[in-house]
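# Fold and geometry: a report
Residues per chain are reported as follows:
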Amino acid sequence: MHYVIHCLDHPGAVEKRLSHYEAHKAYLGAAALKTVISGPLLADDEATMIGSCFVVEAASLAEVEAFNQADPFFKAGLWANISIRPFSKRVDNRT
């Protein structure tokens, strides 16, 4: 099953995000859970990072919640809001 993890940072948290960025990338690279696609959410200026979005593949919601809670960004208290929802992928135009 696919899941979408949508996280919004606390306001003004760019420096906190950057200080944990390398640990976050290493965590994603080593995770047992398959990340289909991920990246930062951007402000209207299309440059300032304000959150994170992931599409992951996992056996259960509990597995995705554990994955999210072990992320260095979560542990650092970066995210003000987190939403995790099952996702039914219908179209994938990547080649």
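Read on for an overview of the structure.

Conventions used here
Residues numbered from 1 in each chain as written. Predicted model: local features only at pLDDT ≥ 70, side-chain atom pairs only at ≥ 80, totals over all residues. Heavy atoms only, no water. Helix = DSSP H or I, 4+ residues; strand = E, 2+ residues; numbered from the N terminus. Buried < 20%, exposed > 50% of the residue type's maximum accessible area, 1.4 Å probe, protein only. Pairing = 2+ DSSP bridges. Axes fitted to C-alpha atoms, helices over the stretch in contact; angles between N-to-C directions. Core = buried A, V, L, I, M, F, W, Y, C linked by side-chain atoms within 4.5 Å. Contact = heavy atoms within 4.5 Å. Phe/Tyr/Trp six-rings, centres within 6.5 Å; stacked < 30°, edge-to-face > 60°.

Its location among the elements puts Pro11 in the loop between β1 (2-9) and α1 (14-19). For Pro11, a relative accessible area of 79% puts it in the exposed group.

This paragraph deals with the sheet that holds strand β4 (residues 79-87). Spatially, β2-β3-β1-β4 is the arrangement adopted by the four strands of the open sheet, whose pairing is antiparallel. If you trace the sheet from one side to the other, it starts and ends with β2 (34-42) and β4, each paired once. The average undirected angle you get between the axes of adjacent strands in this sheet is 15 degrees. Relative to strand β3 (residues 49-57), β2 runs antiparallel, the two being bridged by eight bridges. Residue pairing across strands places Leu42 opposite Met49, the latter belonging to β3.

If you look at the biggest cluster of nonpolar residues, it comprises 16 residues, and the most contacted ones within it are Ile5, Leu33, Phe54, Val56, Val64, Phe67 and Trp79. Only β1, α2 (21-30), β3, α3 (61-69) and β4 provide two or more residues apiece to this core. Counting residues per element, this core draws most heavily on β1, at three residues. If sequence neighbours within four positions are ignored, Val64 has contacts with Tyr3, Ile5, Leu33, Val56, Ala58 and Ile84.

Okay, the packing of aromatic side chains next. The geometry of an aromatic ring pair is captured by two quantities: the separation of the ring centres and the angle between the planes. For the structure shown, the criterion picks out four aromatic pairs. Ring plane angle 85 degrees and centroid distance 6.4 Å describe the contact between Phe54 and Trp79, whose orientation is recorded as edge-to-face. One end of the pair, Phe54, is in strand β3; the other, Trp79, is in strand β4, and 25 residues separate them in sequence. Site record: aromatic cluster; members linked through ring pairs are Tyr27, Phe54, Phe67, Phe73 and Trp79.

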